Amino acid sequence: MSILRGTQRSFQVALWFLVLAVFLLVVFLHVDFRLLIPDKVQEPPVTNIMFLKTHKTASSTILNILYRFSESHNLSTALPEGSRVHLGYPWLFVTRYVEGLKQDAHLQHHFNIMCNHLRFNYPEVQKVMPRDTFYFSILRNPVFQLESSFIYYKDYAPAFQRAKSLDEFLADPWKYYKASVSLENVYAKNNMWFDFGFDNNAPADKDYVRKCLAEVEQRFHLVLIADYFDESMVLLRRRLRWQLDDVVSFKLNVRSQSTVSHLTPESQERVQHWCALDWQLYQHFNRTFWTQLHAELSPRQLTEEVEQLRERQRELMALCLQDPEPKNLTHIDDRNLRPYQSGKAKILGYKLRHGLDTTTLHICQRMAMPELQHMAHMYSLQFPDKTPKDIPFLKK
Ligand SMILES: Nc1ncnc2c1ncn2[C@@H]1O[C@H](COP(=O)(O)OS(=O)(=O)O)[C@@H](OP(=O)(O)O)[C@H]1O
């Protein structure tokens, strides 16, 4: 009897050992299996990119990001030809506006990056960019976009010249705006619609708007929203499979608060009618932007990634800048960092810290460099034998 009980006990102990062994094995195998399963194959970063640089939409900050990526990855950029500063804007884009393509009758030459201001013309852009190009753009709430535009193009757009304020302009826009006057007026009405290659003076007819929106959907892989810039960078980074540092930036082309005006509620409502095409463009792509963002990340992931981006921006600002707040022109001695001024806008720039080592200085200079100087720098890098870009305002 006792022999039988002893055998039973030994059996129970053996069983417990077996259960424990299987448990450990499962745990061990589980870990091991995970080690054996290869990570989801990480595709290489996207390097063929066309960015439609719309106006007054944080697009200079994105241009800075793209130029930096182009230079650090030794890519080619479709830059404005000769002394041009844009790719033919406000004229519809054609290939001869790109440096290096004028003589090339067969247009065999393709570029990796294209991001300077142009009026979108898909058949011509296609000739410059490879077939697998990622197309993206950015929009901003038309109320803030028009307000920024009014101050910046105050002396340039005939429609804005005689109006004392944007409130006054919006109270009776037809008093100031003549569609036929010249392309200089494109900044005054549906400017983003115009940048996409459409007619900014067309009536906001339902079928016409639907057709144009469908065309943008078809051509562009992504449309970002400047009002949610950091969220936009999170989505862009994922789509391009880039590193965090690739999409970190300093805000560029920012106006001093003293030149920002706040529209009355009536004026804000009037913008929605005056720029009805831009308004519908913005409404549509603001919706699709959030749908895409939520499809890609959980709310927690989004918060985390936005915070990561901001944290890295703070780190780089502390590393590079004397003060994270952008400064008035009078405070910036370095000509390469002095932003171009326009209209009634006081455009701010950055002052770098003294004593940065060569590598850090290289990174910081590029992050703080305004569009025109950066374009000239890219041009000299890519076309060392051509006459460098002349930037007249720097000589003053
Ligand atoms: N990161 C970020 N987030 C949000 N907003 C930003 C950012 N970077 C630039 N900006 C604002 O964008 C405005 C300048 O737009 P652009 O660079 O497209 O102007 S331009 O057409 O190239 O002249 C300009 O707006 P206003 O200051 O209202 O004029 C900038 O302040």
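See above for the structure.
The rules we used
- Residues numbered from 1 in each chain as written.
- Predicted model: local features only at pLDDT ≥ 70, side-chain atom pairs only at ≥ 80, totals over all residues.
- Heavy atoms only, no water.
- Disulfide = S-S within 2.5 Å.
- Helix = DSSP H or I, 4+ residues; strand = E, 2+ residues; numbered from the N terminus.
- Expected span 1.5 Å × (residues − 1).
- Buried < 20%, exposed > 50% of the residue type's maximum accessible area, 1.4 Å probe, protein only.
- Contact = heavy atoms within 4.5 Å.
- Near = heavy atom within 4 Å.
- Polar contact = N/O pair within 3.5 Å; in protein donor to acceptor, adjacent residues only side chain to side chain.
- Areas by Shrake-Rupley, 256 points an atom, 1.4 Å probe, with all protein chains shown as cover.
- Nonpolar A, V, L, I, M, F, W, Y, C, P; charged D, E, K, R; others polar.
- 1 Å grid on protein atoms, 1.4 Å probe; cavity = no way out; pocket = protein on both sides within 12 Å on 5 of 7 lines; lining within 4 Å.
- Points joined across faces, edges and corners; volume = space filled by probe spheres on them.
- Phe/Tyr/Trp six-rings, centres within 6.5 Å; stacked < 30°, edge-to-face > 60°.
- Lys NZ or Arg CZ within 6 Å of the ring centre and 35° of its normal.

Attention now goes to the state of the cysteines. Within the structure shown, the criterion is met by 1 disulfide. Sulfur-sulfur distance for the disulfide between Cys-320 and Cys-364 comes to 2.0 Å. Judged by the sign of its S-S torsion, about -70 degrees, the cystine formed by Cys-320 and Cys-364 is left-handed. Here Cys-364 lies in helix H14 (residues 358–368) and Cys-320 lies in helix H13 (residues 299–320), a separation of 44 residues in the sequence.

Before going further, it helps to spend a moment on helix H10 (residues 229–240). Across its 12 residues, H10 extends 16 Å between first and last C-alpha, which sits within 8% of the 16 Å expected from 1.5 Å per residue. Buried within H10 we find Phe-229, Asp-230, Glu-231, Ser-232, Met-233, Val-234, Leu-235, Leu-236 and Leu-240. Close packing links the buried residues of H10 with strand E1 (49–52), helix H2 (59–72), strand E3 (134–139), strand E4 (222–225), helix H12 (276–296) and H13. Where H10 terminates, the next one or two residues include Arg-241, which has phi positive at roughly 55 degrees.

Neighbouring the ligand are 21 residues; Lys-53, Ser-59, Ser-60, Ser-148 and Arg-255 lie closest to it. Lys-53 places a side-chain nitrogen or oxygen 2.7 Å from an oxygen atom of the ligand. Here the ligand, which alone exposes 650 Å², has 90% of that area covered by the protein. Counting residues per element, the ones that place at least two in the shell around the ligand are H2 and helix H4 (142–152). A per-element tally of the shell around the ligand places H2 first, with 3 residues. Tallied by class, the residues present in the shell around the ligand amount to 6 nonpolar, 9 polar and 6 charged.

Quick look at the layout of surface pockets now. Roughly 270 Å³ of volume is contained in the second largest pocket. Lining the second largest pocket are 13 residues, and of these Arg-68, Ser-72, Asp-245, Ile-363 and Met-367 sit closest to its centre. Here the element with the most residues in the lining of the second largest pocket is H2; it accounts for 5 residues. Counted by class, the lining of the second largest pocket contains 5 nonpolar, 2 polar and 6 charged residues.

On to the packing of aromatic side chains. The final tally for this structure, using the stated rule, is 31 aromatic pairs. Their ring planes at 80 degrees and their centres at 4.9 Å tell us that Tyr-228 and Trp-290 sit as a pair that is edge-to-face. Of the two residues, Tyr-228 sits in the loop between E4 and H10 while Trp-290 sits in helix H12, which places them 62 residues apart along the sequence. Both rings, one in Trp-279 and one in Tyr-282, keep their centres 6.2 Å apart while their planes meet at 40 degrees; by these two values the pair is tilted. Taken as a pair, Trp-279 and Tyr-282 lie in helix H12 at a separation of 3 residues, close to a single helical turn. Across the pair, exposure class does not vary: Trp-279 and Tyr-282 are buried alike. Pairwise contacts between aromatic rings join Phe-150, Phe-160, Phe-169, Trp-174, Tyr-176, Tyr-177 and Trp-274 into one cluster. Across the ring face of Phe-194, the terminal group of Arg-119 is positioned such that the distance to the ring centre comes to 3.8 Å. Seen from the ring of Tyr-379, Lys-389 lies directly overhead, with NZ or CZ sitting 4.5 Å from the centre.

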